Amino acid sequence: MQVIDNFLQKEYYDHLYSVITDTQFPWLFQHQVATNLEDPRANLDHYYFVHSLFHAYRIESPLYDNFVHLFEALEVDFLFRARVLLYVNQGKQIIHDRHIDHGETCKTALIYMNSNDGFTEFETGERVDSVKNRLLVFDGSVLHSSSTPTNTKDRMLLSVTYV
């Protein structure tokens, strides 16, 4: 696991932040954060919003080009998936079910886009706090969970799974 604070240059971070917080930025509602449950609608408070940049060998967003410099900074050789994630404040902290990002050993990079009391937690109990412009890189085949914030309206991050 690797954690780097102030990973992106301020100008580039500010650019990405303005892209994902624009009122026209398209978010898609997801009924379940982790896909461990048989019925994705069973747990009413486990939901989030996603904007897919890249998945299944293809670009899925017209905004993809804004993130190419990020992929270069991460030294991505092969991109499995890239998404922008949004967890909303639900009045209490919710820790989602543990999940993996990819079935084989790979890297997952999370870039936290705002500071809040949300975190990423691993099965060891280790937590990485959501701090603005913090990069977390870990093996995407390792179980981990996300959480909602309680001290901000939302928790935003970029999630990149790659080798």
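Scroll up to find the structure this text is about.
As the structure is a computational prediction, the values presented were derived from the model and not from experiment.

**A word on the pattern of salt bridges**
Then step 1. Inspection of the entire model under this criterion finds seven salt bridges.
Then step 2. One salt bridge connects Lys10 with Asp14, and the closest N-O pair in it is separated by 2.6 Å. Here Lys10 pairs with Asp14, and both are found in helix α1 (residues 10-21), just four residues apart, close to one helical turn.
Then step 3. When the shortest N-O distance is used, the salt bridge between Arg81 and Asp101 registers 3.7 Å. Linking Arg81 in strand β5 (residues 79-88) with Asp101 in the loop between β5 and β6 (107-112), this pair joins segments that are 20 residues apart in sequence. Taken individually, Arg81 and Asp101 each receive the classification buried, so the pair is uniform in this respect.
Then step 4. Each of the salt bridges in this network shares a partner with another, and the network as a whole consists of Arg98, Glu121 and Arg127.

**Quick word on a nonpolar patch on the surface**
Then step 1. Together, Tyr57, Phe78 and Val163 make up a nonpolar patch on the protein surface, roughly 320 Å² of accessible area in all.
Then step 2. Residue position: Phe78 is located in the loop between α2 (68-73) and β5.

**Let's talk about the packing of aromatic side chains**
Then step 1. Under the definition given, this model contains ten aromatic pairs.
Then step 2. Ring centres of Phe54 and Tyr64 lie 6.3 Å apart, and the angle between their planes is 40°; this geometry places the pair in the tilted category. Placement of the pair is Phe54 in strand β3 (residues 48-55) and Tyr64 in the loop between β4 (58-59) and α2, with a sequence separation of ten residues.
Then step 3. The ring of Phe119 carries Arg127 above its face, with NZ or CZ at 3.8 Å from the centroid.

**Concerning the environment of Phe29**
Then step 1. Following the sequence through the fold, Phe29 ends up in strand β2 (residues 28-30).
Then step 2. Distance from Phe29 to Tyr47, taken between C-alpha atoms, is 7.5 Å for residues 18 residues apart in sequence.
Then step 3. If we skip the residues at most four places from it in the chain, Phe29 touches Tyr47, Tyr48 and Phe49.

**What to know about the sheet that holds strand β7 (residues 119-122)**
Then step 1. Strand order in this open sheet of three strands is β8-β7-β10, and the pairing throughout is antiparallel. The outermost strands of the open sheet, each flanked by one partner alone, are β8 (127-129) and β10 (144-145).
Then step 2. Bridging between β7 and β8 involves three bridges; their strand directions are antiparallel. Looking across to β8, one finds that Thr120 is bridged to Val128.

**Describing the pairing of strand β11 (residues 154-162)**
Then step 1. With eight of its nine residues buried, β11 lies for the most part within the structure.
Then step 2. Across nine bridges, the pairing between β5 and β11 is antiparallel. For Leu79, the partnering residue across the bridge sits in β11 and is Tyr162.
Then step 3. In this structure, β6 lies alongside β11, joined through six bridges in antiparallel fashion. Within β11, the residue paired with Ala109 across the bridge is Val160.

**Side note on the layout of surface pockets**
One simple way to see leftover space: roll a probe sized like a water molecule over the atoms.
Then step 1. The calculated volume of the largest pocket comes to roughly 480 Å³.
Then step 2. Lining of the largest pocket is provided by 25 residues; of these, Val33, Tyr48, Val50, Arg81 and Arg83 occupy positions nearest its centre.
Then step 3. Of all the elements in the fold, those that place two or more residues in the lining of the largest pocket are β2, β3, β5, β10 and β11.

**Focus: the side chain of Ser52**
Then step 1. Along the polypeptide, Ser52 turns up in strand β3.
Then step 2. A polar side-chain atom of Ser52 sits 2.4 Å from a polar atom in the side chain of Glu60.
Then step 3. The residues touching Ser52, leaving out its near neighbours within four places in the chain, are Glu60, Ser61, Ala82 and Arg83.

Cut-offs and rules
- Numbering of residues begins from 1 in every chain and follows the order in which that chain's sequence is written.
- Only residues with pLDDT of 70 or above have their local features reported here, since the model is predicted, and side-chain atom pairs are shown and tallied only from 80 upward, although totals for entire chains, interfaces and linings are computed over all residues.
- Water and hydrogen atoms play no part in the side-chain values, which are based on all heavy atoms of the structure.
- Definition used for salt bridges: Asp or Glu carboxyl oxygen within 4 Å of a side-chain nitrogen of Lys or Arg.
- Secondary structure follows DSSP: runs of H or I at least 4 residues long count as helices, runs of E at least 2 residues long count as strands, and numbering of each begins at the N terminus.
- Type-normalised accessible area, obtained with a 1.4 Å probe on protein chains alone, sets the label of each residue: buried when under 20%, exposed when over 50%, and partly exposed for intermediate values.
- For patches, a residue must show more than 30% relative accessible area and have no salt bridge; joins then use 9 Å for like charges and 5 Å for nonpolar side chains, namely Val, Leu, Ile, Met, Phe, Trp and Tyr.
- Reported accessibility uses the Shrake-Rupley method at a 1.4 Å probe radius. Residues are deemed covered only where the shown protein chains occlude them.
- Two aromatic rings, drawn from Phe, Tyr or Trp (for Trp, its six-membered ring), form a pair once their centres lie within 6.5 Å of each other, and the interplanar angle then sorts them: stacked below 30 degrees, edge-to-face above 60, tilted otherwise.
- Two conditions define a charge located above a ring, namely a distance within 6 Å from the ring centre to NZ of Lys or CZ of Arg, and an angle within 35 degrees of the ring normal.
- Contacts: residue pairs with any heavy atoms within 4.5 Å of one another.
- Only when DSSP finds a minimum of two bridges between them are two strands counted as paired.
- Both cavities and pockets are sets of points on a 1 Å grid over the protein atoms alone; in a cavity a 1.4 Å probe fits but cannot get out, in a pocket the set is open with protein on both sides within 12 Å along at least five of seven lines, and lining residues sit with an atom within 4 Å of a point.
- Grid points are joined across faces, edges and corners, and a volume is the space filled by probe spheres set on the points.
- Polar contact is the term for a pair of N or O atoms within 3.5 Å; when the atoms are in protein, one must be able to donate a hydrogen and the other to accept it, and sequence-neighboring residues count only if both atoms are side-chain atoms.

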